[in-house]
Amino acid sequence: MKYFNNVLATIGNTPLIKLNQVVNEIPGTILAKVEGFNPGQSAKDRIALYMIERAEREGKIKPGDVIIEATSGNTGYSLAMICALKGYKCVLTVTSKASQEKLSLLRSMGAEVVVCPADAEPEDPLSYYSRAEQLAEEIPNAFYLAQNFNLDNQQAHYMSTGPEIWEQTEGKITHYVCCAGTGGTLSGTARFLKEMNPDVQVIAVDAYGSVLKKFWETGIFDPSEIYPYKVEGLGKTIIPDNVNFDVIDDFIKVTDRNSALRARELARMEGLMVGYSSGAALECVFKLRKQLKPTDVVVVLFPDHGSRYLGKIYNDDWMKQQGYIKEPQEDHSNYLYSYKNFRRIYRVYRRKYSRYLRQTLKI
Ligand SMILES: Cc1ncc(COP(=O)(O)O)c(C=O)c1O
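Below you will find a few notes about this structure. (Residues numbered from 1 in each chain as written. Predicted model: local features only at pLDDT ≥ 70, side-chain atom pairs only at ≥ 80, totals over all residues.)

Here's the deal with the overall build of the protein chain
Helices and strands together make up the secondary structure of the protein chain, namely twelve helices and ten strands. For the protein chain, whose C-alpha radius of gyration is 22 Å, the value lies close to the compact-globule estimate of 21 Å for 363 residues. Burial status across the protein chain gives 47% buried among its 363 residues. Long-range pairs, those at least 24 residues apart, make up 71% of the contacts in the protein chain with a sequence separation of at least 6. (Helix = DSSP H or I, 4+ residues; strand = E, 2+ residues; numbered from the N terminus. Rg over C-alpha atoms; globule rule 2.2 N^0.38 Å. Buried ≥ 20, exposed ≤ 12 C-beta atoms within 10 Å, placed from the backbone. Contact = placed C-beta atoms within 7 Å.)

Side note on unusual backbone geometry
Glycine aside, a negative phi is what most residues show, and trans is what most peptide bonds show. The phi torsion at Asn13 lies on the positive side, around 50 degrees, for a residue other than glycine. Structurally, Asn13 can be placed in the segment before strand E1 (16-18). When the 11 C-beta atoms within 10 Å are taken as the criterion, Asn13 is described as exposed. Non-glycine residue Asn141 carries a positive phi angle of around 55 degrees. Residue classification places Asn141 among the exposed positions, given that 11 C-beta atoms sit within 10 Å.

Regarding the site of the ligand
Around the ligand, a shell composed of 17 residues is seen, among which Gly181, Thr182, Thr185, Gly233 and Ser277 lie nearest. For the shell around the ligand, the element with the highest residue contribution is helix H7 (residues 184-196), accounting for three residues. Residues of the shell around the ligand, tallied by class, amount to five nonpolar, ten polar and two charged. (Near = placed C-beta within 6 Å. Nonpolar A, V, L, I, M, F, W, Y, C, P; charged D, E, K, R; others polar.)

Details of the packing of helix H1 (residues 44-57) against helix H5 (residues 152-159)
Relative to each other, H1 and H5 sit at 115 degrees, their axes nearing to 8 Å. Taken together, the axis directions place H1 and H5 in an arrangement best described as roughly perpendicular. Considering how the two elements wind past one another, H1 and H5 form a crossing that is right-handed. Between H1, through Arg46, Ile47, Tyr50, Met51 and Arg54, and H5, the contact on the second element is made entirely by Asp152, Asn153, Gln155, Ala156 and His157. For the contact of H1 with H5, the class distribution of residues is four nonpolar, three polar and three charged. (Axes fitted to C-alpha atoms, helices over the stretch in contact; angles between N-to-C directions. Parallel < 35°, antiparallel > 145°, perpendicular 65-115°, else oblique. Left-handed = near helix turned anticlockwise from the far one by under 90°.)

Observations concerning the environment of Glu112
Residue position: Glu112 is located in strand E5 (residues 112-116). Owing to 15 C-beta atoms within 10 Å, Glu112 belongs among the partly exposed residues under this scheme. A sequence separation of 44 residues divides Glu112 from Ile68, and the C-alpha atoms of the two residues are 9.6 Å apart. Each residue touching Glu112, except ones within four places of it in the same chain, is listed here: Cys90 and Val91.

Re the sheet that holds strand E10 (residues 297-302)
Here we have six strands laid out as an open sheet, ordered E1-E2-E10-E7-E8-E9, and mixed in their pairing. The sheet is open, and its two edges are formed by E1 and strand E9 (250-254), each paired on a single side. With strand direction ignored, the average angle separating the axes of adjacent strands in the sheet is 25 degrees. Judged from the five bridges that link them, strand E8 (residues 201-207) and E9 form a sheet pairing that is parallel. The residue of E9 that forms the bridge with Val205 is Ile252. (Pairing = 2+ DSSP bridges.)

What about the sheet that holds strand E6 (residues 142-144)?
Spatially, four strands are ordered E5-E4-E3-E6 in an open sheet, and the strand pairing comes out parallel. Strand pairing shows two members of the sheet lacking a second neighbour, E5 and E6, which therefore form its edges. Pairs of neighbouring strands in the sheet enclose a mean axial angle of 20 degrees, with direction left out of account. Across five bridges, strand E3 (residues 66-70) lies against strand E4 (residues 89-95) in parallel orientation. Counterpart to Val66 in the pairing with E4 is Lys89. Taken strand by strand, helix H4 (residues 128-138) contacts E3, E4, E5 and E6, and its axis lies near 165 degrees from that of E3.

As structure tokens, this is what we get:
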């Protein structure tokens, strides 16, 4: 018989899927590491399982204890799933930016959710980081996972995502494009890939409103970089220990609007229903396209599944409210299409006009 012993045994070994129509203007082979195939529908399954099992091995936790985490939702979902199976209680602090769908998912597996204001500074006692710390002190037998600072986060990706990508591309990967939040997915995977081949280019994706890119460029934490933005999971208002700035070759910022439109393109053109930050990662590949050659093999990591964003980027009313589309069904490809059309018509008329000048007016 072929079966898994439980749902946790299905974590990892996600497929690498070639992107076709959506990237037809980009040179090279563009392969997506689609983390929505994990049972918890995101890359966070990997870190949650690795960190809990490590803490168990080190005798830091035992069934019945309380696992606490500050999470944008995905780590929470993975933790809720693992806690349900392993017999832990799960308390999660999330920001008010997390969608209602995400909160319902967390509660569906028995997690207790504490919603904190998205605009609270990290040091503010109301912020989701501070609340998690307070709860960890107040609740007996609590274990605060701290995915931003617990280096087991990136180690999980060093042990699994990195080797999987290396094997799946038979070592032919030339570029790795990945969102930076806590930095775990980016840093752990990139560290493994660079150890295998130091020439692999690592491109980190950041949001406008996050401090990470500026810190990488200047070493300065600049609070004036911080302002609210829409993409969930991407970017930070703190500098997490899990961002290994040494393995990054380039940092590219992407907008909320283009990220949303790219995610919708992935669903319509590739049948890949992925999350908002996956759209951000694809937008980054587009920003990179002038540097790419036809022989390049680009792996772009898509962190989660799109079902958690039905009320946001996959909802035409929400998209219209944000000013990202004017009409339902309108998407980025329509904009690109009309722009390309305009350029073609302009070129045809320019050719005809110069022929007219040459032949008729002899200029
Ligand atoms: C949807 C989504 N995208 C991207 C990220 C960033 O991944 P990491 O925290 O490993 O940097 C996260 C992390 O929370 C996420 O939830």
